[in-house]
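Observations on the model geometry
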Amino acid sequence: MVLKTLRCGRRELDISRPVVMGVVNVTPDSFSDGGRYFRQSRLCIDVVLRQAEAMVASGAKILDVGGESTRPGATPVSVSEEMDRVLPVIEQLAQLFDVVISLDSSQAEVIDAAAKLGMGLINDVRSLSLPGALDVAAKTGLPVCLMHMQGGGPATMQLNPDYADVVEDVQDFLQQQVVRCGVAGIAADQILLDPGFGFGKSLRHNLTLLNRLDQLVALGYPVLSGTSRKSMVGQVTGKPVDQRLAGSLATALLAAQKGAAILRVHDVAETVDALNVLEAVYQETWEI
Ligand code: PT1
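As a starting point, this report considers the structure included with it. Bear in mind the structure is a predicted one, so any value in this text is a computation, not a measurement. (Residues numbered from 1 in each chain as written. Predicted model: local features only at pLDDT ≥ 70, side-chain atom pairs only at ≥ 80, totals over all residues. Heavy atoms only, no water.)

**A look at the sheet that holds strand S8 (residues 121-124)**
Heads up, the rule is: Pairing between strands requires that DSSP locate at least two bridges from one strand to the other. Helical segments are the DSSP runs of H or I of at least four residues, strand segments are the runs of E of at least two, and each set is numbered from the N terminus.
Pairing is parallel across the open sheet formed by 8 strands, whose spatial order is S10-S9-S8-S7-S6-S3-S12-S11. The two strands at the open ends of the sheet, each matched to only one other strand, are strand S10 (191-194) and strand S11 (224-225).

**Focus: the site of the ligand**
Selection rule: Consider each residue's heavy atoms; a residue with any of them within 4 Å of a molecule or strand counts as near. Residues adjacent in sequence count toward polar contacts only when both atoms are side-chain atoms; beyond that, a polar contact is any pair of N or O atoms within 3.5 Å, and within protein one must be able to donate a hydrogen and the other to accept it. The Shrake-Rupley method, run with a 1.4 Å probe sphere, supplies the accessible areas, and residue values consider only the shown protein chains as cover. Throughout this entry, Asp, Glu, Lys and Arg are counted as charged residues, while Ala, Val, Leu, Ile, Met, Phe, Trp, Tyr, Cys and Pro are counted as nonpolar. The remaining residues, Gly among them, count as polar.
Contacts to the ligand come from 17 residues, most closely from Asp104, Asn123, Asp194, Lys230 and Ser231. A distance of 2.8 Å separates a nitrogen atom of the ligand from a polar side-chain atom of Asp104. Contact between the ligand and Gly226: an oxygen atom at 3.3 Å from a main-chain N or O atom of the residue. Out of a free accessible area of 510 Å², the ligand has 96% covered by protein chains. The residue makeup of the shell around the ligand, split by class, is 7 nonpolar, 5 polar and 5 charged.

**Digging into unusual backbone geometry**
Heads up, the rule is: Note on classification: 1.4 Å probe, protein chains only; a residue is buried when its accessible area is under 20% of the maximum for its type, exposed when over 50%, partly exposed between these limits.
The backbone of Ser127 sits at a positive phi, close to 50 degrees, despite the residue not being glycine. Position of Ser127 among the secondary structure elements: in the loop between S8 and helix H4 (133-140). We classify Ser127 as buried; its relative accessible area is 0%. In the Ramachandran plot, Arg229 falls in the positive-phi region, its phi being about 60 degrees despite a non-glycine side chain. Locating Arg229 in the fold gives a position in the loop between S11 and helix H8 (231-237). The exposure class of Arg229 is buried, given its relative accessible area of 16%.

From the geometry alone we can't say anything about function, so treat these as descriptive.
In structure tokens form, the structure reads like this:
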């Protein structure tokens, strides 16, 4: 049951080839580009729009807008603050660019409001577990990305990652979330799965999940992979966050080779180039 298009509101997203999702962080404390769009702690929407425009020109098919930092140890943000950050950006991006605008949020209120402003995909690192989020998401009819996280939340998730078999545990969790979504009325062909790299995982857990990503793909849902600039890349290469491009490209290519449908990245142009090379080599053989 590998399905090839997602119905993202007014837009359709072709995922018969791997596509790139560009990260648009509107948080003052993002792990990799923290505060880039902030001047004296005020959000500069024109800077965000210029960055997004460059990502679209480089070949991003999705822009993922997030107002809550979810990196390890990040502090929570209030719902109203999150709304103030993401809603104007979603509205503008949806009007200006012919790509799918994704919202990286766990809050029912934010999801509901963003759906009315042209959001095309719901990306929730908490798999629609917060009050009201599942029903609001179902009501939109939009695709949802369900992600695995262990350990309660970004503040505590890296304290003691523990699995019997990390791949099987992640599969089991995600399959339970698929059932939950089905009961709420979300169509099976509008569900994406994500192993949640860096969310309650040791380096070995992350590397095992990437090495065996094909097992997650085998569940039959499109898989989203987010490894860009993460500490798993830093731990292997010994490089700080601003020098993780090459390592991140390696993880993106590996994920694509193992069947990932969407690569969530900061460096869109470089990732698109790398995927084009992979595709040129593979030619017609993506169907695995
Ligand atoms: C992700 C993801 C996300 N990651 C989806 N959404 C982040 N669907 C935000 C580190 O170890 O993988 N999938 N939204 C960013 N979160 C992290 C986590 C950032 C870990 C950095 C690390 O460095």
